[in-house]
Amino acid sequence: MATTSSRPQPVRLLRTFTTPKIVFMIIAAAAPLAAMLTTVPLSFSIGNGPGVPALFVFAGLTLLCFSSGYAAISSRISHAGGFYTYIAHGLGRPPAVSGGIIAVIAYNTVTVGVLGAFAYFAQALAASHGLNLPWEVWAAAGLVVVGVLGYRHVELSARVLAVLMICEIVILFALDAAILARHGFSAMPAASFAPHNIFAPGFGVSMMFGMASFIGFESAGLYAEETRNPERSVPRATIIAVVLIATFYGATSWLAVGAVGPSKIQATATADLGDMFFNLSDEYLNSATTTVMQVLLCTSVLGAWLALHNAANRYMFVLGRDGLLPGRLAAVHPKYKAIHRASVVQTVFSAVVVAAFALAGLDPYLNMSTSMLGIGTLGIVVLQAMASVAVLGYYRKRKGGWWQTRIAPVLGAAGLVTAAVLVVRNFAVLTGTTNPVVTALPWALLVVGVGGLGYAYWIRSARPERYAALAQPEESAERPAAETLTDVRSAA
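As the structure is a computational prediction, the values presented were derived from the model and not from experiment. (Residues numbered from 1 in each chain as written. Predicted model: local features only at pLDDT ≥ 70, side-chain atom pairs only at ≥ 80, totals over all residues. Heavy atoms only, no water.)

A few words now on helix H15 (residues 364–394). Residues lying three or four places apart along an α-helix face the same way, a consequence of the helix completing one turn every 3.6 residues. Taking 1.5 Å per residue as the helical rise, H15 with its 31 residues ought to reach 45 Å, and the 42 Å between its terminal C-alpha atoms agrees with that figure. At Thr370, H15 is bent by approximately 25 degrees, the largest bend along its length. (Helix = DSSP H or I, 4+ residues; strand = E, 2+ residues; numbered from the N terminus. Expected span 1.5 Å × (residues − 1). Bend = angle between axes of the 7 residues up to and from the residue.)

The subject of this paragraph is the pattern of salt bridges. Throughout the structure, instances matching the rule amount to 4 salt bridges. For Glu155, the salt bridge goes to Lys21, with nearest N and O atoms at 2.1 Å. Of this pair, Glu155 sits in helix H7 (residues 154–183) while Lys21 sits in helix H1 (residues 19–30), placing them 134 residues apart in sequence. A residue is classified by how much of its surface remains accessible, and Lys21, at 21% relative accessible area, is partly exposed. Here Arg182 and Glu283 are joined by a salt bridge, their closest N and O atoms 3.6 Å apart. Taken as a pair, Arg182 in helix H7 and Glu283 in helix H12 (residues 276–284) lie far apart in primary sequence, 101 residues in all. Take Glu283: its relative accessible area is 46%, and that puts it in the partly exposed class. (Salt bridge = Lys/Arg side-chain N within 4 Å of Asp/Glu carboxyl O. Buried < 20%, exposed > 50% of the residue type's maximum accessible area, 1.4 Å probe, protein only.)

Along the chain, Ser369 turns up in helix H15. Using a relative accessible area of 0% as the deciding quantity, one classes Ser369 as buried. Setting aside residues no more than four positions away along its own chain, Ser369 makes contact with Gly113, Gly116, Ala117 and Pro364. (Contact = heavy atoms within 4.5 Å.)

Here His309 is to be found in helix H13 (residues 287–321). Separated by 160 residues in the primary sequence, His309 and Leu149 have C-alpha atoms spaced 9.8 Å apart. Other than its neighbours up to four places away in sequence, His309 contacts Thr111, Val146, Gly150, Ser343, Gln346 and Thr347.

Next up on the list: unusual backbone geometry. Its identity as a non-glycine residue notwithstanding, Leu273 has a phi of 45 degrees, on the positive side. Position of Leu273 relative to the elements: it lies in the loop between helix H11 (265–272) and H12. In this structure Leu273 comes out as partly exposed when scored by relative accessible area, which is 37%. Its identity is not glycine, yet Ala471 carries a phi of approximately 55 degrees, on the positive side. Tracing the backbone shows Ala471 in the loop between helix H20 (464–468) and helix H21 (481–490).

Bringing the confidence of the model for the chain into the picture now. Any segment with low pLDDT has predicted coordinates that should not be analysed in fine detail. Residues of the chain with pLDDT of at least 70 account for 93%, and the chain-wide mean is 88. The least confident element of the chain, judged by mean pLDDT, is H21 at 35; the most confident is helix H14 (residues 340–359) at 96. In this model residues 1–9 is a low-confidence stretch, pLDDT under 50, and it forms 14 contacts with partners more than four residues away in sequence or in other chains. Across residues 475–492 the pLDDT falls below 50, and counting only partners more than four positions away or on other chains, this stretch makes 38 contacts in the model. (pLDDT = per-residue confidence, 0-100.)

Shown next, in the form of structure tokens:
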């Protein structure tokens, strides 16, 4: 067996996570309240109007297909590398190195994008109550909170996110209940699922926004090495999260259509945009609840920021441990048992980007948030599609259920490839700008992917021992060690 002396010594993480805690992390990353208040009105306005709820359901079904395959492979491989590891074992190490580097870029940029959204909404909320501070102050305050929590063990983040997530779910559930109480079953119009509304002009845009609203749900695999029973918890958490998010998005957007009216929803959303759900809250609840909703919008974005910060840390940690990034990133704090150095690097990266946008006099939302979220979203959707294909590759010569390891991954890959194409074609819509620098970002991601392949082939030639150790998982309790080692070698 080849020695791996050139590789940093393996670093093990505390196994304290359970299925509910992973679910909290996943749903918090998706920021359901923020998605409802910001993305859904935009989808109503420039998408297919009353047909938006149906596309949330379709996106959920597509991602359930992805999750079935994801669950199948994650039940066999326990590793903190997420997409990077699964791609390695299904498609080989060169695509995995490419995917790992894309993951680091995607999760770091999407984290900065959420930071910009937090700074924008926090500034607007504070100004509406007489506290006028520059957005940079709110960005700095958020960086301190996320940086401190990210420096500590992820258990603390999970507890904070659980509280934030429950609060945002409760406030929207109260709005849903108020709409149902007033309108009864007429609040759920069949028009939202009528083919002529689903496939109306703007279908592709709404589909893109629908898929983008689930970003973060796939991060369960990143906590495999920190979970007591990863072979069961990771698959369960992924599927539970997709079902809950899809149900929540679909039901709330459907009730919004019912409250406004299918024939009026597009015009109302166009006129109100970000105020649409606040106006509904004023009408169906009261102004005090609307103020609470505005505060929870900020905490929802902050929660997503924290969850995505932790996801970005883990990719940097794993790639550092495998020698693809500086090995110092693969450090665990001696007291807090946290991935602290990767957390500090992510925080510093975010601070540098904020400083650059601030010095350039650019807007935190219209410029920083939209561009960073755009490139990050595209990168994550591409990784999801690669992971679906990786499941097919992994089970090509292995036994597995026909649905989980054959049909579902094909359906998931088809839907995700379609989503990636829609994101590229509508990138200007997603980012809200036609600036050529921003619209060229998808090409930059392609260049990074090709560069990752070249880097992998160079490692295979120049550092074969390190190459052989890439993406090596811990041995699964559900299969013998010999099979695990065979899988690792065959992925080359």
